[in-house]
Amino acid sequence: MSNDKSGANVQAMAKAVRETYPTVALVLQGGGALGAYQAGVYQALAEADLRPSWIAGISIGALNAAIIAGNPIGHRVERLREFWETICRPPFFPATPALDYSAWPLPFQNGFSGMAAWRALTEGQSGFFYPRLPPPFLQRSASPATVSWYDTSPLRSTLERLVDFDLINDKRSMRVSVGAVNVRTGNFAYFDNRQGPLRVEHFMASGALPPGFPAVEIDGEFYWDGGMVSNTPLYKVLSERPCHDALIFQVDLWRATGQLPRDLAGVAERAKEIQYSSRTRLITEYMRLTQENQRLVHDLMALVLPERRSDPAYRRAEARASGALTNLIHLIYSDKPYEGHYKDYEFSASSMHTHWQSGLSDMRHTLSHPQWLEAPDAEHPFVTHDVHRG
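Now for a quick tour of the structure.

Rules used in this analysis
- Residues numbered from 1 in each chain as written.
- Predicted model: local features only at pLDDT ≥ 70, side-chain atom pairs only at ≥ 80, totals over all residues.
- Heavy atoms only, no water.
- Salt bridge = Lys/Arg side-chain N within 4 Å of Asp/Glu carboxyl O.
- Buried < 20%, exposed > 50% of the residue type's maximum accessible area, 1.4 Å probe, protein only.
- Helix = DSSP H or I, 4+ residues; strand = E, 2+ residues; numbered from the N terminus.
- Core = buried A, V, L, I, M, F, W, Y, C linked by side-chain atoms within 4.5 Å.
- Contact = heavy atoms within 4.5 Å.
- Polar contact = N/O pair within 3.5 Å; in protein donor to acceptor, adjacent residues only side chain to side chain.
- Phe/Tyr/Trp six-rings, centres within 6.5 Å; stacked < 30°, edge-to-face > 60°.
- Expected span 1.5 Å × (residues − 1).
- Arc of directions from axis to C-beta.
- Pairing = 2+ DSSP bridges.
- Axes fitted to C-alpha atoms, helices over the stretch in contact; angles between N-to-C directions.
- Parallel < 35°, antiparallel > 145°, perpendicular 65-115°, else oblique.
- Left-handed = near helix turned anticlockwise from the far one by under 90°.
- Nonpolar A, V, L, I, M, F, W, Y, C, P; charged D, E, K, R; others polar.

### Brief notes about the pattern of salt bridges
Under the counting rule described, the total for this entry stands at 25 salt bridges. Among the salt bridges present, the one from R199 reaches E201, with a minimum N-O distance of 3.4 Å. What makes E201 buried here is its relative accessible area of 16%. Residues E269 and K343 are paired through a salt bridge, measuring 3.3 Å at the closest nitrogen-oxygen approach. With E269 in helix α10 (residues 264-301) and K343 in the loop between β10 (326-332) and α12 (349-367), this pair connects stretches of sequence that are 74 residues apart. Both residues of the pair, E269 and K343, count as buried. Where salt bridges share partners, they join R156, E160, R199, E201 and D219 into one cluster.

Quick look at the structure:
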């Protein structure tokens, strides 16, 4: 009886979201191996039948976006699991047995995690990347596509096997946006399936972090990881015109706050956290102020007499105003005690399962508070909920 009631509540919540928000967006940040957290978040959304109409990703977020958008609704979670189980295996030598890190003393946990990261650096990861031979400093005729420590051709094969790009480019499917940086110009670029077909290269380019991974050529230009400029595609979703009421699930893999470092490894870890989280906080605050101002202009324009609305100034204001309401649900990955500065390239199966379960639990907890999904009001047109982190 309780299960029936719970199922009815979930269906009612999903129905209310669809009726309230024309846009439901899933925004996925970069963060390498931590991206399994995003997969867990999506599993919880799928369980609640909350289907994003728009998915935007950068780096590992773009790869997760490809798996989600490139598969039928009922197969997305299993494909995500297949993707992560594929890339979390060493390519040559047997994998370290999956361990429950929590059952071991912390120094042992650190050791297992550090060994997995070392193996990723020296061996690569199955279906993802392997060390380039000869290494870049021994190449006689290097090109932008080969100047890197690792070869990512296995990732191409993995994506082509697990992703239906025809489905991604079907106009009836969800909108997909991924960000990358033009190596020649330094300009940030978004590739969007509403503006042109997306291919495997667009997703690989979004995750081509130098000097580890090589630049990816798209239509004669070479691109690197979008996280070099902005590690979150939130701005792309919030700056869309015309604006619509939107529920946005923003899934970040780097936390802004942290401990003061006590050694060089801690300095490296803290520097990464600040580097990759700062743009997210900046963009969120900037877009909140922007949307509040747009709403204020929208409300003031309603006071203008009809006979004055043909004035050019009114027309200019009309183009800049917006009555849209935004509800931003912010989920941030929480570090585990055993993790070090290498956590974004520690691809052990144990850590992957832990990250996945963390995302699943965080999103389930968030959805257990349906009031957080309610639409904002005109006085506060942009609201952010991150209470689930308390």
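### Quick word on the nonpolar core
Counting residues in each nonpolar core, the largest one holds 74 residues, and the members touching the most others are W84, L159, F203 and F249. The element contributing the most residues to this core is helix α3 (residues 60-69), with eight residues. Excluding its chain neighbours within four sequence positions, the residues that come into contact with F203 are A62, L63, A66, L159, F165, I168, V176, V178 and L198. Counting 13 residues, the second-largest nonpolar core is a separate cluster that includes V27, V237, A246 and I283.

### Observations concerning the environment of Y150
Relative to the helices and strands, Y150 is located in strand β4 (residues 150-151). Overall, Y150 belongs to the buried group, its relative accessible area being 12%. If near-sequence neighbours (up to four positions away) are discounted, Y150 is found in contact with A120, L121, F129, Y130, P131, R132, G212, F213 and P214. Of the polar contacts made by the side chain of Y150, one reaches the backbone oxygen of L121; its length is 2.6 Å.

### Description of the packing of aromatic side chains
Applying the stated criterion across every chain, the model contains 13 aromatic pairs. With a centroid separation of 5.0 Å and 75° between ring planes, the pair formed by F129 and Y150 is classed as edge-to-face. Highlighted residues: F129 in the loop between α5 (106-123) and β3 (130-131) and Y150 in strand β4, separated in sequence by 21 residues. When the ring of F188 is compared with that of Y190, the centres are 4.8 Å apart and the planes differ by 70°; the resulting orientation is edge-to-face. Grouping aromatic residues by their ring pairs yields a cluster made of F128, F129, Y150, F213 and F347.

### Structural notes on α5
Compared with the 26 Å implied by 1.5 Å per residue over 18 residues, the 25 Å span of α5 between its first and last C-alpha is a close match. Every buried residue of α5 is accounted for by Q109, S113, A116, A117, R119, A120 and E123. Buried residues of α5 fall within an arc of 155° about the axis and therefore sit on the same side. Those residues of α5 that are exposed and angled more than 90 degrees off the buried face are P107 and W118. Tucked into the core, α5 has its buried residues touching β3 and β4. Among the residues trailing α5, G124 stands out with phi positive, at a value near 90°.

### Side note on the pairing of strand β8 (residues 221-225)
Relative to β8, strand β5 (residues 175-182) runs antiparallel, the two sharing three bridges. Across the sheet, N182 pairs through a bridge with Y223, a residue of β8. Linking two consecutive strands that pair antiparallel, namely strand β7 (residues 216-218) and β8, is a turn of two residues; a positive phi of about 50° is found at D219 within it.

### Side note on unusual backbone geometry
L133 connects to P134 through a cis peptide bond whose omega is -5°. Looking at the element boundaries, P134 is found in the loop between β3 and β4. Note that the residue after P210, namely P211, is joined by a cis bond; omega there is -5°. Positionally, P211 belongs in the loop between α8 (200-206) and β7. You will see that S59, though not glycine, has its phi angle at about 60°, which is positive. Judged by its relative accessible area of 11%, S59 falls in the buried class. Even without being a glycine, D219 presents a positive backbone phi close to 50°.

### Describing the packing of helix α2 (residues 36-47) against α12
Running from N to C, α2 and α12 cross one another at 40°; their axes reach a closest spacing of 6 Å. It follows from the interaxial angle that α2 and α12 lie oblique. As α2 packs across α12, the resulting crossing turns out to be right-handed. From α2, A36, Y37, A39, G40, V41, Q43, A44, L45 and E47 reach across to α12, where they touch M352, H355, W356, S358, G359, L360, D362, M363, R364 and L367. Its residues assigned to classes, the contact of α2 with α12 comprises eleven nonpolar, five polar and three charged.

Distances and angles like these do not, on their own, reveal function.
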